[in-house]
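The residues making up each chain are set out below.
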Amino acid sequence: PPQGLKPGQIKDPKIAALFSTKDPDARFDDLKEIGHGSFGAVFYAFDKERGETVAIKKMSYSGKQAAEKWVDVIKEVQFLTSLRHENIVEYRASFLKENTCWLVMEYCIGSAADLVDVLKKGLREVEIAAICHSTLSALSYLHSLGRIHRDVKAGNILLNDAGCVKLADFGSSSMVCPARTFIGTPFFMAPEVILAMDDGEYAERADIWSMGITAIELAERRPPLFNMNAMSALYHIAQNEPPTLAPVEDGSPSWSSAFVSFVGACLKKEPGERMTTAEAQQHAFVRSSFAPYVVVELIARTKRLVKELDNNQYRKMRKLMLLDE
Ligand code: ADP
Ligand code: MG
C-alpha cells in the first residue's frame, strides 16, 4: 500500500468500504494496552460515540513487508466483518491512520490463557466443558460457512464480564475448505496440517484437533510438548502417538471418563477417525454444560486472586480489572 494510504484513496470500492473515513483519535479515548501480538498491540478504549468500552487491535502495515502486512490486514477485517455469532467476538468498525489499521471490537476481559496465568493452575472440568461448549458453537458456525479458524488455543478464546465465551483472532483463518497452507501455532497444529507442508490438504477437523489440545492446555496450563522447541514439537506431533491428559497429582480428583473420552476423540491422528464438529458438540462432556453461570464464577474467582497479588504481579494482570476500577 502507498504510504499514508487513506480510505478515499483505495481503488477497490469493496476494500475502501471496509474502513471508516473518520479520525479514530477523535472517537476513542483513554487507550490502555491489554494485549500484544506479532502484528502490534490490542488496547482497551472508550468509544465516545456509542458510550461504551471497546477493544482496538492496531495493526501496522509500514516498514518491512508492508505489502504482505496490508494483505493480512484486509483479510482479517474482511473475515471478521462477515461473521455474526454469539460466541464470536463482535466486530464494530475499522479505521486507517498513519499506516495503521484500527480494528475495533467488543471488549472482553481477557483470554482463557490470561485466566490460567493468574490462577497458576489448570481450570476445573466444568469450566473447561463450558469453554469447549461455546468454542464448538463458534466453530460449528464457521465450519458451516466453509471456513477454518486454524489457530484455536486458549489465547484466542476470550471471555466477557457477562460470562460469554468468544472465539477471536481470525488472522490465520481460511476462507476455503479444504486448505493447504501451513499455518497456526505449532503445539496446537493437527498432524495433517503439519504434513500439508509437503503435500496434501486438510479440512475443518484440524480445528477439532486444536480444540483437544486446548482442552489439555486449560487442564494443565500448557499444551503438550510445550517444553520443546517449535520444530521438534511439529516433528513429534506428526510422527508419534497423540497426546493424552497427564495423570493428576496426588490428592487431586482424577479426570472424569467423559473428559478423557472427549480429549481422545478430538485427538485422533487420522482426520477421518476424529470427531466431526457436530459429534463434538453432542459429546457427553460438553453437551449439557452451561457457560454463562460457570464462566461468571470463574471470572469472579480469578479477579479475587488478582486483588490478592503483590503489586508487581497485580500491575501485570491489571487488564483483567479495568472495568472494576
Ligand atoms: P494475535 O494475532 O497477535 O494473536 P489476538 O487477536 O489474538 O492477536 O490478540 C492478542 C491478545 O490481545 C489476546 O490474546 C487477548 O489477550 C487480547 N485481546 C484481543 N482481542 C481482545 C478483545 N476484544 N478484548 C480484550 N482483549 C483482547
Ligand atoms: Mg492470538
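Participant: It is not clear to me how the pairing of strand β2 (residues 40-47) should be interpreted in this structure. Could you clarify?
Facilitator: For a regular strand, side-chain orientation follows a simple rule: the groups alternate between the two sheet faces. Burial analysis of β2 places six of its eight residues in the buried class, which makes it a mostly covered element. In the sheet, strand β1 (residues 28-36) pairs with β2 via six bridges, with the strands oriented antiparallel. Residue pairing in the sheet places H36 in a bridge with A41 of β2. Between β1 and the antiparallel strand that follows it, β2, lie three residues. The sheet contact formed by β2 and strand β3 (residues 52-60) spans eight bridges and is antiparallel. From the neighbouring strand, F43 faces β3, where its bridge partner is I56. Linkage of β2 to β3, two consecutive antiparallel strands, is achieved through a turn of four residues, within which G51 is found at a positive phi near 65°.

Participant: Sorry, what's going on with the coordination of the magnesium ion (ligand 2) here?
Facilitator: Think of it this way: four donors in a tetrahedron around the metal ideally sit 109.5 degrees apart, and six in an octahedron ideally sit 90 or 180 degrees apart. At the metal site, the magnesium ion (ligand 2) is ligated by N156 (OD1) and D169 (OD), and these contacts range over 2.1 Å. Here N156 is found in the loop between α5 (125-144) and β7 (157-159), whereas its partner D169 is found in the loop between β8 (165-167) and α6 (191-195), with 13 residues between them in sequence.

Participant: Help me understand the sheet that holds β7, please; the structure alone is not making it clear to me.
Facilitator: Hydrogen bonding along the main chain pairs the strands of a sheet, whether they run parallel or antiparallel. In space, the three strands of this open sheet follow the order β6-β7-β8, with antiparallel pairing throughout. The outermost strands of the open sheet, each flanked by one partner alone, are β6 (110-111) and β8. Direction of pairing for β7 relative to β8: antiparallel, over a ladder of three bridges. Residue pairing for β8: L159 is matched across the bridge by V165.

Cut-offs applied
Residues numbered from 1 in each chain as written. Chains lettered and ligands numbered in written order. Predicted model: local features only at pLDDT ≥ 70, side-chain atom pairs only at ≥ 80, totals over all residues. Heavy atoms only, no water. Buried < 20%, exposed > 50% of the residue type's maximum accessible area, 1.4 Å probe, protein only. Helix = DSSP H or I, 4+ residues; strand = E, 2+ residues; numbered from the N terminus. Pairing = 2+ DSSP bridges. Donors = N, O, S within 2.8 Å, 3.2 Å for Na, K, Ca; no water.

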